[in-house]
Amino acid sequence: MAEVKGPSRPRAVMWAAAALVVVAVAVAAVVFARGGSDPGGQARGPEREWCTPGTPRTALCPNNEVFDAKEYAAHGDAFECAVFASQADAQAVLRTDPRDPNHLDDGGGVACRGLPEPRDTEPVARIAQRFTCGPDDSRSALCPQPRREFDARYFLRYANDAYDCADFARQADAQAVLRFAPADPNRLDPDGDGVACPDLPGPKDAKPVQRAAP
């Protein structure tokens, strides 16, 4: 009786490899159709594309060119400072509606001082005109009270470039902030000579501060 032989070894290997390729293609097709899978093996939907052309500029899309301040001023108290990519964007919203439905104003017509550059710290006029100095307000350009004690820590509360020379009532006050924090997070001494805001009115303190690395 003749012996029945199975397929040759090379042909069996070839068929096994082909079967693996078919399975791999099928699995890839399923994963692609479901939008990928996470490391735990659970399928999830497609990744959301945040920064496609035409998406408004936000903290999630800081480099997008499109920004419409009106969109942030027409929904009541719907947006916070953390939504905006820059302080200038938040200020643009405050200028669009000085009633400030989003409560972005940090005081005196300037929105979201703690946000990064670019900056626009020129006060919004209608809000600045209504601003009045309370008993606990620190001395500033909006509250120039010469007899009130000055607290440099007030101008360091955001720990970044939140205040400009125009926010200070006098040069000595800006110098006090630089002396308190020589790393100069507010960039009051951009040329690094140790003297803050030399063009501000007196009283003045022109004794240089030994600068520290930022």
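Residues numbered from 1 in each chain as written. Predicted model: local features only at pLDDT ≥ 70, side-chain atom pairs only at ≥ 80, totals over all residues. Heavy atoms only, no water.

Draft legend 1. Spotlight on the side chain of D173. Mapped onto the elements of the fold, D173 is located in helix α4 (residues 171–180). Setting aside its immediate chain neighbours within four residues, D173 contacts R139, F150 and F168. (Helix = DSSP H or I, 4+ residues; strand = E, 2+ residues; numbered from the N terminus. Contact = heavy atoms within 4.5 Å.)

Draft legend 2. The arrangement of helix α2 (residues 87–96) in detail. In terms of burial, α2 is largely enclosed, as seven of its ten residues are buried. Summarising the contacts, the buried residues of α2 are in contact with α3 (125–130). (Buried < 20%, exposed > 50% of the residue type's maximum accessible area, 1.4 Å probe, protein only.)

Draft legend 3. Spotlight on the nonpolar core. Among the nonpolar cores identified, the biggest contains 16 residues, and F168, A174, V177 and L188 are the most heavily contacted of them. Those residues in contact with A174, other than ones at most four positions away along the chain, are F168, L188, A196, C197 and L200. If you look at the next biggest cluster of nonpolar residues, it comprises 14 residues, including A73, F79, F84 and V93. (Core = buried A, V, L, I, M, F, W, Y, C linked by side-chain atoms within 4.5 Å.)

Draft legend 4. Spatial organisation of the packing of aromatic side chains. Counted according to the given criterion, the structure contains nine aromatic pairs. Considering the side-chain rings of F67 and Y72, the 5.4 Å spacing of their centres and the 15 degrees angle between planes classify their relative orientation as stacked. When its relative accessible area of 6% is taken as the criterion, Y72 is described as buried. Arranged with centres 6.1 Å apart and planes meeting at 40 degrees, the rings of Y154 and Y163 form a pair that is tilted. The exposure class assigned to Y163 is buried, which follows from its relative accessible area of 1%. Connected via pairs of aromatic rings, a cluster forms that spans F150, Y154, F155, Y158, Y163 and F168. The aromatic ring of Y154 is capped on one face by R157, whose charged end is 4.2 Å from the ring centroid. (Phe/Tyr/Trp six-rings, centres within 6.5 Å; stacked < 30°, edge-to-face > 60°. Lys NZ or Arg CZ within 6 Å of the ring centre and 35° of its normal.)

Draft legend 5. Structural detail: α4. Buried residues dominate α4, accounting for seven of its ten residues. By the burial criterion, the buried members of α4 are Q171, A172, D173, A174, Q175, V177 and L178.

Draft legend 6. Just unusual backbone geometry, in detail. E117 connects to P118 through a cis peptide bond whose omega is 0 degrees. Looking at the element boundaries, P118 is found in the loop between α2 and α3. Note the cis peptide between G202 and P203, where omega equals 0 degrees. Residue position: P203 is located in the segment after α4. Although it is not a glycine, D184 sits at a positive phi angle of roughly 55 degrees. Its location among the elements puts D184 in the segment after α4. Among the residues examined, D184 registers a relative accessible area of 7% and is labelled buried. In this model, R187 sits at a positive phi of 55 degrees, which is unusual for a non-glycine residue. Relative accessible area serves as the criterion here: at 51%, R187 is assigned to the exposed category.

Draft legend 7. Fine view of the side chain of R139. Structurally, the position occupied by R139 is in the loop between α3 and α4. Residue classification places R139 among the buried residues on the basis of a relative accessible area of 4%. Among the polar contacts listed, one links the side chain of R139 to the backbone oxygen of R148, at a separation of 2.3 Å. Those residues in contact with R139 that sit more than four places away from it in its chain are P144, Q145, P146, R148, E149, F150, F155, A169, R170 and D173. (Polar contact = N/O pair within 3.5 Å; in protein donor to acceptor, adjacent residues only side chain to side chain.)

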